[in-house]
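# Fold and geometry: a report
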Amino acid sequence: MNLLTLVGEPWADYGLVDSGHGRKLERYGRFRFIRPEPQAMWAPASPHWEADGDFIAASDEDGGGKWHLSRDVPRGGWHLKWEEVRFTAQNTPFRHLAFFPDMAPQWQWMRDRTAEGDEVMNLFGYTGVGTLALAAKGARVTHVDASKKSVETGKANAFLSDMTDRPIRWMVDDAVKFAAREVRRGRRYDGIMLDPPKFGRGPEGEVWRIEEHLPGLIAHCRALLDENSKYLVLTVYAVRMSALAIGELLQQALGDLGGTVEVGEMAVREEARGLLLPTAIFARWSRG
């Protein structure tokens, strides 16, 4: 396995402005927000931050809290752009902004390996920015998420991006059950990306716990890949899990296909000093 750090660089509509003392200051288009960040254990570059909103975390460990926003921040969201993809950013109750900007290097890596007509599946696809990034390269994408609201937001982002005519299957479904059905149907994919949560529920109350259910889901994904498939990308946030562990999971599940498994950390580069703020771990397999 190859061990590396995948760095998300600033782009026009997003940047990590500064970080430190357990917080981070980010820009999302014309707005700036402060959010908790436990891994920012250092001192910030500037002691004074000006922002349009601040997320105050709850005292529990379940990720609760509340946004305190200026009157200028549109409660219904505002439009941002990454490459050809236009989408809506919004302050969610879960402290994030309805997309994950540190995924940009993964999107680009998959786009570099995607050809016109490739069949790609995006499990836990959320609001569809990754789906649209691949659809823009000509992929036929199956987008799966248990949240009807997230899938509807994905469709709205497709409209914003002028991609409503692209071959995208928008599926409101439990990821494990859907993947298992695809195996029984004899389907195959050129690429798969999955960004599972630590804990979640499917549309019919199905329970997802990553430590329990990830190995079985990866086994389904292996059955959907073949000797002509190109990649699988797995990202994991907010869990006590090692990149080496999920890398070994992919190595054992996909090793018979040959190719390469890379593992490591994802990070974003701070604009103030260039330091790297870690955000997630990942493991990915590719044909070459």
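Below is a short write-up of the structure. (Residues numbered from 1 in each chain as written. Predicted model: local features only at pLDDT ≥ 70, side-chain atom pairs only at ≥ 80, totals over all residues. Heavy atoms only, no water.)

Counting secondary structure elements, the protein contains six helices and 17 strands. In terms of overall dimensions, the protein is globule-like: its C-alpha atoms have a radius of gyration of 19 Å, near the 19 Å expected for 288 residues. In terms of principal-axis extent, the alpha carbons of the protein reach across some 55 × 40 × 35 Å. Taking all 288 residues of the protein together, the buried fraction comes to 51%. Once local pairs closer than 6 in sequence are excluded, the contacts in the protein between residues at least 24 apart make up 61%. In the form shown here, the protein has an accessible surface area of approximately 13,300 Å², with 50% of it arising from carbon and sulfur atoms. (Helix = DSSP H or I, 4+ residues; strand = E, 2+ residues; numbered from the N terminus. Rg over C-alpha atoms; globule rule 2.2 N^0.38 Å. Buried < 20%, exposed > 50% of the residue type's maximum accessible area, 1.4 Å probe, protein only. Contact = heavy atoms within 4.5 Å. Areas by Shrake-Rupley, 256 points an atom, 1.4 Å probe, with all protein chains shown as cover.)

It is worth spelling out the nonpolar core at this point. Of all hydrophobic cores here, the largest spans 47 residues; its most connected members are Tyr28, Phe33, Trp78, Phe99, Trp107, Met110 and Leu134. In terms of residue count, the dominant contributor to this core is helix 2 (residues 129-135) (five residues). Contacts of tryptophan 107, omitting those with residues within four sequence positions, involve Trp82, Phe100, Val129, Gly130 and Ala133. Among the nonpolar cores identified, the runner-up in size contains 32 residues, and Met121, Val236, Val239 and Leu254 belong to it. (Core = buried A, V, L, I, M, F, W, Y, C linked by side-chain atoms within 4.5 Å.)

Right, let's talk about helix 3 (residues 148-160) for a bit. Here helix 3 contains 13 residues, and its C-alpha end-to-end distance of 18 Å stays within 8% of the 18 Å for a straight helix at 1.5 Å per residue. Those residues of helix 3 that fall on the buried side of the exposure criterion are Ser150, Val151, Gly154, Asn157 and Ala158. Looking straight down helix 3, one finds its buried side chains confined to an arc of 110 degrees; they lie on one side. Away from the buried face of helix 3 by more than 90 degrees, exposed residues Lys148, Lys149 and Phe159 are located. Contact partners of the buried residues in helix 3: strand 8 (85-89), helix 2, strand 10 (140-145) and strand 11 (168-172). (Expected span 1.5 Å × (residues − 1). Arc of directions from axis to C-beta.)

Let us now look at the packing of aromatic side chains. Considering all chains together, one arrives at 14 aromatic pairs under this definition. Between tryptophan 82 and tryptophan 107 the ring centres are 5.2 Å apart and the planes differ by 65 degrees, which places this aromatic pair in the edge-to-face class. Linking tryptophan 82 in strand 7 (residues 78-82) with tryptophan 107 in helix 1 (residues 104-112), this pair joins segments that are 25 residues apart in sequence. Just as tryptophan 82 is buried, tryptophan 107 falls in that class too. Here a set of aromatic residues connected by ring pairs shows up, and it is made of Trp11, Tyr14, Tyr28, Phe31, Phe33, Phe55, Trp67, Trp78, Phe87 and Phe99. (Phe/Tyr/Trp six-rings, centres within 6.5 Å; stacked < 30°, edge-to-face > 60°.)

Taking burial as the measure, the six residues of strand 4 (residues 31-36) include five buried ones, the bulk of the element. Strand direction decides the pairing type here: strand 3 (residues 23-28) and strand 4, joined by six bridges, are antiparallel. Considered in strand 4, the bridge of leucine 25 is made with isoleucine 34. Counting the residues between successive antiparallel strands, the hairpin from strand 3 to strand 4 contains two residues, one of them, glycine 29, with a positive phi of roughly 65 degrees. (Pairing = 2+ DSSP bridges.)

We now examine the pattern of salt bridges. Tallied over the full model, the rule gives 22 salt bridges. Note that glutamate 26 is salt-bridged to arginine 35, the shortest N-O span being 2.8 Å. The class for arginine 35 is buried, based on a relative accessible area of 8%. In this structure, arginine 222 engages aspartate 256 in a salt bridge whose closest nitrogen and oxygen atoms are separated by 2.5 Å. Separated by 34 residues along the polypeptide, arginine 222 in helix 5 (residues 210-223) and aspartate 256 in the loop between helix 6 (243-254) and strand 16 (260-269) bring together distant segments of the chain. (Salt bridge = Lys/Arg side-chain N within 4 Å of Asp/Glu carboxyl O.)

Among the secondary structure elements, aspartate 174 is positioned in the loop between strand 11 and helix 4 (175-185). For the buried aspartate 174, no salt bridge is present, and the opposite-charge side chain at shortest range is lysine 177, 5.8 Å distant. Aside from chain neighbours lying at most four places away, what touches aspartate 174 is Gly202, Pro203 and Glu206. (Lys, Arg positive; Asp, Glu negative; His and termini not counted.)

Further remarks concern the sheet that holds strand 5 (residues 53-57). Spatial ordering of the open sheet is given by 2-3-4-5-6, a layout of five strands whose pairing is mixed. Only two strands of the sheet have a single partner each, and these edge strands are strand 2 (14-20) and strand 6 (65-69). Ignoring which end each strand starts from, the neighbouring axes of this sheet average 20 degrees apart. (Axes fitted to C-alpha atoms, helices over the stretch in contact; angles between N-to-C directions.)

This part takes up the packing of helix 4 against helix 5. At their nearest, the axes of helix 4 and helix 5 sit 9 Å apart, and the two run at 30 degrees to each other. As the angle between them shows, helix 4 and helix 5 are arranged roughly parallel. Relative to helix 5, helix 4 is oriented so that their crossing is left-handed. Residues Ala175, Val176, Ala179, Ala180 and Val183 of helix 4 form the contact with helix 5, whose participating residues are Leu217, His220 and Ala223. (Parallel < 35°, antiparallel > 145°, perpendicular 65-115°, else oblique. Left-handed = near helix turned anticlockwise from the far one by under 90°.)

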